[in-house]
Amino acid sequence: MAFIRKRRLERDLYSKERFSLLLLNLEEYYFEQHTANHITNKGCRDERKFRGSLKICSKSIIFEPDDNIQPIIKIPLRDCISIKAPEDNEANNPFTRDTSGGISVVCNQVFLIKERNIIAPYKTVRGRTEHLFQLDVAGKLGDVVQTLHQLYRASCLDKMGDQAAMITAILQSRLARTSFDKNRFQSISETLHMECKAEMVTPLVTNPGHVCVTDANLYFQPLNGYPKPVVQITLQNVRRIYKRRHGLMPLGLEVFCTENDLCSDIYLKFYNYQDRDELYFLIATYIENHITEHTAESYMLQWQRGHISNYQYLLHLNNLADRSCNDLSQYPVFPWIIADYSSSVLDLTKPETFRDLSKPIGALNKERLDRLLTRYQEMPEPKFMYGSHYSSPGYVLFYLVRVAPEYMLCLQNGKFDHADRMFNSLAETWKNCLDGATDFKELIPEFYESDSSFLINSLKLDLGKRQGGKMVEDVELPPWASDPDDFLQKSQEALESQYVSEHLHEWIDIIFGYKQKGSEAVAAHNVFHPLTYEGGVDLNSIMDPNEKVALLTQILEFGQTPKQLFTIPHPRRIIPKLKSLSQTSSHSVSITESPVSPNEESFEDLTEESITLAWNNIAKLKLDEQYKIHKEAITGIAVTCNGSSVFTTSQDSTLKMFSKESKTIQRSVSFSNMALSSCLILPGDTTVISSSWDNHIYFYSIAFGRQQDILMGHDDAVSKICWHDGRLYSASWDSTVKVWHCVPGETLSNKKHHFELLAELEHDVSVNTIDLNSANTILASGTKEGTISVWDITTATALHQLPCHSGTVFGAAFSPDSRHLLSAGEDCCFKVIDVQTGMLISSVTTDEPQRCFKWDGNTILSGSQSGELLIWDLLGGKVIERIKGHTGAVMSMWMNEQCNRVITGGEDKQIMFWKLQY
């Protein structure tokens, strides 16, 4: 409920002021204010004097009395008859100055606003009235009157374009005569990088001033000092920055100091795109080291995998498509989900409960659509099917009028809409969207959030009386909702339901995707007025200022279509398969036992005694070297046979080759913009295989230094890979483990690998880790819900399935003799399973999650969430030694075959080399 939350913060901050920029007309500027007295009935017995503030605006004069009982007075300049002040001797000029000692304004219409501090439609007083304003600083009288004369002349021009041009000239002259006050810098040591003119954008209004960027802060100083002298953003706090399209022009810039909030910290509109782009470059350059720029595709993959909710995904898409809560003509758009507003119980298991997400609102009613299509066929070019849009300022405020009444009054010239056209009932609104001749509106994010105040008339606003005599109060809810909070809760459940998860991509195709424009839009009955689309009109090519102003006003009031994010069909969300383990793949594989593969050979002859000696002294492990080689957490480590080269994968999406000898990074490869999850080196040290969150497995040739092949084998992130004897085992969050037969590229003329799927081991949920026993006949898998499964891979059948952990299984490994299986989980537990019987034979509780480990059947070396290396006596269930390591979680661990050297990779982006000293 970001928009409502922001409004509340503004009310708390400026609660003593009744004036706001929303009292101005659309496209009007507030220039200056002067402390003054408003004198009524001067010279009469009942003469009264009200102290307050006189506001000079581009199209009106506004007086805000200090006494909240008295109304704010707004005098449109176009309705003025005379403006006088005492020093002028031109007695016959209606705009001369009399001897009243102040400014006399005679007008034939005035608006009274917020009388008794009550938000209500403006009262209009028609007829000739005189208003005398006495400034505290008499020396400013001449300048004020001169300004009012200029603005009056602009307001009397016949054409809107001419008015706008003259007001713009006055504004630019004022901005040119001023500059940013450097005394407002937070520190005298700040270095100025850029200063320019701009406007701060808030819903329905813009406020001109000066922008300044230093090496530490972004500043905006309003020309009028309202609502505060300076807005300051610390660059170190900036998390996101976006270029925006404002008024169909590439002039906007929006800055966020939060990761997920809908509303920004500041939205600026510049007078030319060069200033906008330069400021963007300065801020983006400053923050590039500590933020990651997300694309629609990266959010899409997160959504597909279930990492972000349907609601979060739609918010991200809106943000990327130029939708902002600071711009009501481009407010975030959300879909109608529920189609049942009459039942007493909302059944989310029935498809008929939901709206058809494959169609735009205008196409949901076939009879109405047929009428619209008939008109469309008969219409001359440019054709459009719908005479109104699905998102516009009027529609946004239709929903939010109970919490943002001043915005509605601003948009509708001081009036609320007719009572029967208000947001009175969910059922009525939905019915009108289905049947109404011109009503095709979608919803806004507030319907799927937690603040229900927009459904309640808590401000006790007088919103009018309906035809039946009933006053407009709270929104009438469907029978299945017990109260507004319950309505929002059920709406959230509907948005995140399985039906919506399976069909939301269809709605995304219509609003943000390939059905938004062109022939696909025609086929989907999704064609709106050409002016609503990005690039539909080039304002710079329109030379007539009156035509340009009229066109811009029409577009901003009508609404705008989001920026197109996808040009091909949007993929479906991956819904977890609910299959039992007994339904195993019909494929089988015969895997014979084989000797240790070449990449498992140690630098020296391996003996049982040397390994036992190493584990007996494992607590003497000492840090040898450490290097920060990645930008994000390290997820996998593989080492060549001779130990000279270390390959690492990371969540920063790169595979790096580190030389132990030269202590430098010799290769850095990025296969996609998604994280890599693990890596291994094929026998012969010629190829590195990396698994990725982008669902792919990448083969990288060490000799040729390039990507050799891609295995697109899964429908979700690949979490772990293993290799033995020409077979690749891949675990994925798509709830499968797959066994592949691979013929390396070196043996084929085309240099490509040949892949054959031998078996598919299906799980109920995402698989996070796997391990092979030493004989390579049994595979263990651990899921994100804590289940450990043991598989016979020679027959592709499940031997055991145990709910070992209450959270994600971080790691699982067989003992050297393959009799036992050890697992570590998110639930701060080690579990030991007897492989033959499937019995849980041991459980050790830890202080914190252990993210990775190695073990010899008795002793465990683990990497903890806090970064320590821990030595465990498994039989005693206790920690023997704690070794200080990384500054974040230990994410990956490699150990040589002799067990006397260890490499760890951490959340702190470092690799650490450890060796036994005994």
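Residues numbered from 1 in each chain as written. Predicted model: local features only at pLDDT ≥ 70, side-chain atom pairs only at ≥ 80, totals over all residues. Heavy atoms only, no water.

**Some points on the packing of aromatic side chains**
No. 1: One pass over the full model with this rule turns up 36 aromatic pairs.
No. 2: Their ring planes at 85 degrees and their centres at 5.8 Å tell us that Tyr242 and Phe256 sit as a pair that is edge-to-face. Of this pair, Tyr242 sits in strand S12 (residues 240-246) while Phe256 sits in strand S13 (residues 249-256); the two residues are 14 residues apart in sequence, bridging distant segments of the chain. For the residue pair Tyr242 and Phe256, the accessibility class agrees, reading buried in each case.
No. 3: Centroid distance Tyr341 to Trp480: 6.3 Å. Interplanar angle 35 degrees. Geometry classified as tilted. Here Tyr341, found in the loop between helix H6 (310-320) and helix H7 (366-378), pairs with Trp480, found in the loop between helix H10 (426-435) and helix H11 (484-495); they are 139 residues apart in sequence, far enough to count as distant.
No. 4: The cationic tip of Arg706 hangs over the ring face of Phe704; the distance from NZ or CZ to the ring centre is 5.4 Å. (Phe/Tyr/Trp six-rings, centres within 6.5 Å; stacked < 30°, edge-to-face > 60°. Helix = DSSP H or I, 4+ residues; strand = E, 2+ residues; numbered from the N terminus. Buried < 20%, exposed > 50% of the residue type's maximum accessible area, 1.4 Å probe, protein only. Lys NZ or Arg CZ within 6 Å of the ring centre and 35° of its normal.)

**Some words on the UniProt feature "domain: BEACH-type PH" (unreviewed entry) in the chain**
No. 1: In the UniProt entry, the feature "domain: BEACH-type PH" (unreviewed entry) is given for residues 187-284.
No. 2: For residues 187-284, helix accounts for 12% and strand for 52%, while the C-alpha atoms at its two ends are 22 Å apart. (UniProt positions renumbered as here; feature names shortened; annotations may be inferred.)

**Quick look at the pattern of salt bridges**
Oppositely charged side chains may form a pair once their charged atoms are brought near each other.
No. 1: Under the definition given, this model contains 25 salt bridges.
No. 2: Between Glu64 and Lys55 there is a salt bridge, and its shortest N-O distance comes to 3.6 Å. As far as burial versus exposure is concerned, Glu64 and Lys55 are alike and both buried.
No. 3: One salt bridge connects Asp847 with Arg882, and the closest N-O pair in it is separated by 3.2 Å. You can see Asp847 sitting in the loop between strand S35 (840-845) and strand S36 (850-855) and its partner Arg882 sitting in strand S39 (residues 878-883), a full 35 residues away along the chain. (Salt bridge = Lys/Arg side-chain N within 4 Å of Asp/Glu carboxyl O.)

**A short note on helix H3 (residues 160-176)**
No. 1: In this model, H3 (17 residues) spans 24 Å end to end at C-alpha, consistent with the 24 Å of a helix rising 1.5 Å per residue.
No. 2: What H3 keeps buried is the set Gly161, Gln163, Ile167, Ile170, Leu171, Arg174 and Leu175.
No. 3: Buried residues along H3 sit against strand S1 (30-40), helix H2 (141-155), strand S8 (192-202), strand S9 (205-214) and helix H14 (545-558). (Expected span 1.5 Å × (residues − 1). Contact = heavy atoms within 4.5 Å.)

**Section: the environment of Ser388**
No. 1: Here Ser388 is to be found in the loop between H7 and helix H8 (393-400).
No. 2: Overall, Ser388 belongs to the buried group, its relative accessible area being 12%.
No. 3: Considering only alpha carbons, one finds Ser388 and Phe755, 367 residues apart in sequence, at a separation of 53 Å.
No. 4: Once residues lying within four places of it in the same chain are set aside, the contact partners of Ser388 are Tyr395, Thr438, Asp439, Phe440, Phe528 and Phe558.
No. 5: A polar contact is formed between the side chain of Ser388 and the side chain of Tyr395, at a distance of 3.4 Å. (Polar contact = N/O pair within 3.5 Å; in protein donor to acceptor, adjacent residues only side chain to side chain.)

**Focus: the packing of H6 against helix H12 (residues 498-511)**
No. 1: In contact at an axis separation of 11 Å, H6 and H12 are set at 15 degrees when each is read in the N-to-C sense. With respect to their mutual orientation, H6 and H12 come out roughly parallel. Crossing of H6 over H12 shows right-handed handedness. Judged by residue contacts, Asn310, Tyr313, Leu314 and Leu317 of H6 engage Val500, Ser501, Leu504, Trp507 and Ile508 from H12. (Axes fitted to C-alpha atoms, helices over the stretch in contact; angles between N-to-C directions. Parallel < 35°, antiparallel > 145°, perpendicular 65-115°, else oblique. Left-handed = near helix turned anticlockwise from the far one by under 90°.)

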